[in-house]
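Overview (structure and organization)
Listed here are the chains, written in short residue letters.
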Amino acid sequence: MKVCIVDDAQFIRIMLKDIFTSLGHQVVAEFPSASPLIEEIEDLKPDIITLDITMPDIDGLTATRIIKNILPETHVIIISAISQPDIEKEVKKCGAFEFIRKPFSKLAIEHVIKQIEKEQNSKNGAVR
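Residues numbered from 1 in each chain as written. Predicted model: local features only at pLDDT ≥ 70, side-chain atom pairs only at ≥ 80, totals over all residues. Heavy atoms only, no water.

Once that is clear, we can look at the pairing of strand β5 (residues 98–101). Walk down a regular strand and you will see the side chains alternate between the two sheet faces. Relative to β5, strand β4 (residues 75–80) is paired through 4 bridges, and the arrangement is parallel. Looking at the pairing, Ile-79 lines up with Ile-100 of β5. Crossover handedness for the path β4 to helix α4 (residues 85–93) to β5: right-handed. (Pairing = 2+ DSSP bridges. Helix = DSSP H or I, 4+ residues; strand = E, 2+ residues; numbered from the N terminus. Right-handed = clockwise from strand over helix to strand, strands pointing away.)

Strand order in the open sheet formed by 5 strands is β2-β1-β3-β4-β5, and the pairing between neighbours is parallel. Every interior strand has two partners, whereas the edge strands, β2 (26–31) and β5, have only one. Averaged over all pairs of adjacent strands, the angle between strand axes in this sheet comes to 20°, irrespective of strand direction. Strand direction decides the pairing type here: strand β1 (residues 2–6) and strand β3 (residues 48–51), joined by 4 bridges, are parallel. (Axes fitted to C-alpha atoms, helices over the stretch in contact; angles between N-to-C directions.)

With that out of the way, let us pick up helix α1 (residues 10–22). In this model α1 runs 18 Å from its N-terminal to its C-terminal C-alpha over 13 residues, within 8% of the 18 Å that 1.5 Å per residue would give. Among all positions of α1, only Ile-12, Arg-13, Leu-16, Ile-19 and Phe-20 are buried. What you see down the axis of α1 is that its buried residues fit within an arc of 130°, all on one side. Facing away from the buried side of α1 by over 90 degrees, the exposed positions are Gln-10, Phe-11 and Asp-18. Looking at the residues trailing α1, positive phi occurs at Gly-24, about 90°. (Expected span 1.5 Å × (residues − 1). Buried < 20%, exposed > 50% of the residue type's maximum accessible area, 1.4 Å probe, protein only. Arc of directions from axis to C-beta.)

Going residue by residue along β3, you find Ile-48 and Thr-50 tucked away on one face and Ile-49 and Leu-51 tucked away on the opposite face as well. Examined bridge by bridge, β3 and β4 share 4 bridges and lie parallel to one another. Its bridge partner being in β4, Ile-48 is matched across the sheet by His-75. One crossover worth recording links β3 to the parallel β4 by way of helix α3 (residues 60–70), and it is right-handed.

Across soluble globular proteins, nonpolar side chains have a tendency to be buried as a group. Ranked by size, the top nonpolar core spans 25 residues in total, and within it Val-6, Leu-37, Ile-49, Leu-51, Ile-67, Ile-78 and Val-91 carry the most contacts. Counting only elements with at least two residues in this core, the list comes to β1, β2, α2 (34–44), β3, α3, β4 and α4. Element by element, the count of residues in this core is highest for α2, at 5 residues. Leave out the neighbours within four places in its chain, and Val-91 touches Ile-53, Leu-61, Ile-78, Ala-96, Glu-98 and Phe-99. With 17 residues, the next largest nonpolar core counts Ile-12, Val-27, Phe-97 and Ile-116 among its residues. (Core = buried A, V, L, I, M, F, W, Y, C linked by side-chain atoms within 4.5 Å. Contact = heavy atoms within 4.5 Å.)

Under the feature "modified residue: 4-aspartylphosphate" (unreviewed entry), the UniProt entry names Asp-52. Tracing the chain through its elements places Asp-52 in the loop between β3 and α3. For Asp-52, a relative accessible area of 7% puts it in the buried group. Discounting residues that sit within four places of it in the chain, Asp-52 has contacts with Val-6, Asp-7, Asp-8, Gly-60, Ile-79, Ser-80 and Lys-102. (UniProt positions renumbered as here; feature names shortened; annotations may be inferred.)

This is how it looks when you write it as structure tokens:
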């Protein structure tokens, strides 16, 4: 799957890139904020986008709404240290596929990717 990583912390982007690459996915772009992603999203057409909630330009929840309007099939994963039940509910309302708390593990990322693959396989199976 093609992945875009958006986080204002470079070390988080590096960690996520290493995890996705090690799991056999292609990281097509990394951004320190959501605006450049949104500008390039139609050209990149990622399958998965990771977003932080707190970013310098557009927060992750607003960015998720914009992304889902442009590319509704893209799976957005919010990865954030902000973790409250209200936030997690809002993440789902915005159209994000999943919320992962920082600090995260490779296992947590792998689990969500497997959920996405399972969903895609069931959709593909339903079409046949």
